[in-house]
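Below, each chain spelled out in residue letters.
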Amino acid sequence: MSTSIAFDLSLFDWEEWVERESIPKYRALQIYQWIFQRNNSDPASFSNLPLSLRNKLAASFCWEPLELDSKLQSEDLSHKLLLKTRDNLLIELVIMPYENRTTLCLSSQVGCKMGCTFCQTGKMGLKRNLSSGEILAQLLIANQFLKEDRVTNVVFMGMGEPLDNYDAVTRACRVMIDPEGGALSKSRVTISTSGLVPEIRKLGRDLPVRLAISLHNPDNEKRSKLMPINRKYGLDELKKALLDYPASPRHGITFEYVMIEGVNDSLGEAKKLVHFLHGLKAKVNLIPVNTFPGVAMSASSEERIRAFQAYLSKRSIPAPVRYSKGQDISSGCGQLAAKREGELDLDPRELHRERRRSKKIAL
Ligand code: SAH
Ligand code: SF4
């Protein structure tokens, strides 16, 4: 455990390291580009570096902080990778290839301490934060897995509450969007949060990537029952922070809303939700809740979901329903519904093309 993880180092850190080792400064950028531009985690193959430096890199750092434990492919083309940390903890990674983009859903923590009642990760409690290098390793692994394809979008919707691991998550995001690093557009990185207000405000100042809010109930009292974080930061405070967030005028803010029968799916709640969203450019993803053993709840009926959706649509709030097609492999956290966006928007031709395309992906 003592060896530093190579991916934890920023370009600045590499510059410091080469200086300490009396290596010319320009080598730092070369190392950084090998890793994050070319997704290469084998320093022996960094061919424009002298052999002595390649050996030194291999000996001085850990290059495999996450080991592949197992992989599953869903019938709907999602790939779920279970990865093992150096201290033998499991995290999950979901790769979702689409016709025109490939979205990676990654984890920010092992477990989560927020305790949302409908969430399987929440039931685990928090084991530990992931480091920025462990977060970036997930992107590297996904890109290596995809071979000729590449991740185009990143969503922090795997395990963990990303804003509860603020420093490591923002550090990783900086590398992802750095043109010399992962070179992803800022508008293609989405942080999903249960609503940590001070960190939402900080993110708005530091690095305003796309924001998704797990709302799930527009009533303060009821939301507190579902999501304990609401007792600390209630809906009024959350709303103010969202009004201040510098979201892109084009994308606005996405709201995730799991539909739980008899809990949050009435038209009364739809009305309150419209009121809450007033003044924000919002899209609401309606997600029939994924159930798992030991939790007494069921997904809302198709009819209730459609009525809820119609209420929002009539008031000009786009509210696509995101059915989970990845349920067959979503055993780890039961959250694939939230991540597997878009199926309903696919027409059959596109689905067919996706199927053909999926065959290219080697398992
Ligand atoms: N902690 C962050 C990000 C990880 S959770 C957050 O809460 O936003 C990613 C998404 O999965 C969240 O919207 C979360 O509410 C949702 N989710 C959790 N449990 C779920 C379940 N049982 N069914 C469907 N979605 C779920
Ligand atoms: Fe944590 Fe998000 Fe699950 Fe809530 S929904 S317990 S914040 S991972």
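In short, a report on the structure. (Residues numbered from 1 in each chain as written. Chains lettered and ligands numbered in written order. Predicted model: local features only at pLDDT ≥ 70, side-chain atom pairs only at ≥ 80, totals over all residues. Heavy atoms only, no water.)

### Digging into the packing of helix 6 (residues 166-177) against helix 7 (residues 197-206)
- Two elements in contact, helix 6 and helix 7, have axes whose closest approach is 12 Å; the angle formed by their N-to-C orientations is 25 degrees. One way to sum up the angle between helix 6 and helix 7 is to call them roughly parallel. Judged by the twist between their axes, the crossing of helix 6 over helix 7 is right-handed. Contact with helix 6, carried on its side by Tyr166, Thr170 and Arg174, involves Glu199, Lys202, Leu203 and Asp206 of helix 7 and no other residues of that element. (Axes fitted to C-alpha atoms, helices over the stretch in contact; angles between N-to-C directions. Helix = DSSP H or I, 4+ residues; strand = E, 2+ residues; numbered from the N terminus. Parallel < 35°, antiparallel > 145°, perpendicular 65-115°, else oblique. Left-handed = near helix turned anticlockwise from the far one by under 90°. Contact = heavy atoms within 4.5 Å.)

### Here's the deal with the pairing of strand 6 (residues 102-105)
- Because side chains alternate across strand 6, one face comprises the buried residues Thr102 and Leu104, and the other comprises Thr103 and Cys105, equally buried.
- Where strand 5 (residues 90-97) folds back onto strand 6 in an antiparallel hairpin, the turn is made up of four residues.
- For strand 6 and strand 9 (residues 153-156), the ladder comprises three bridges, and the chain directions are parallel. Bridging across to strand 9, cysteine 105 finds its partner in valine 155. (Buried < 20%, exposed > 50% of the residue type's maximum accessible area, 1.4 Å probe, protein only. Pairing = 2+ DSSP bridges.)

### A short note on the pattern of salt bridges
- Considering all chains together, one arrives at twelve salt bridges under this definition.
- A salt bridge links arginine 171 to aspartate 13; its shortest N-O distance comes to 2.7 Å. Within this pair, whereas arginine 171 is found in helix 6, its partner aspartate 13 is found in helix 1 (residues 11-20), the two being separated by 158 residues in sequence.
- Taking relative accessible area as the criterion, arginine 171 reaches 35% and is therefore assigned partly exposed.
- In this structure, lysine 113 engages aspartate 164 in a salt bridge whose closest nitrogen and oxygen atoms are separated by 3.2 Å. Note that lysine 113 is positioned in the loop between strand 7 (109-111) and helix 4 (120-124) and aspartate 164 in the loop between strand 9 and helix 6, a separation of 51 residues in sequence.
- Taken together, the shared-partner salt bridges connect Asp87, Arg128 and Glu134 into one network. (Salt bridge = Lys/Arg side-chain N within 4 Å of Asp/Glu carboxyl O.)

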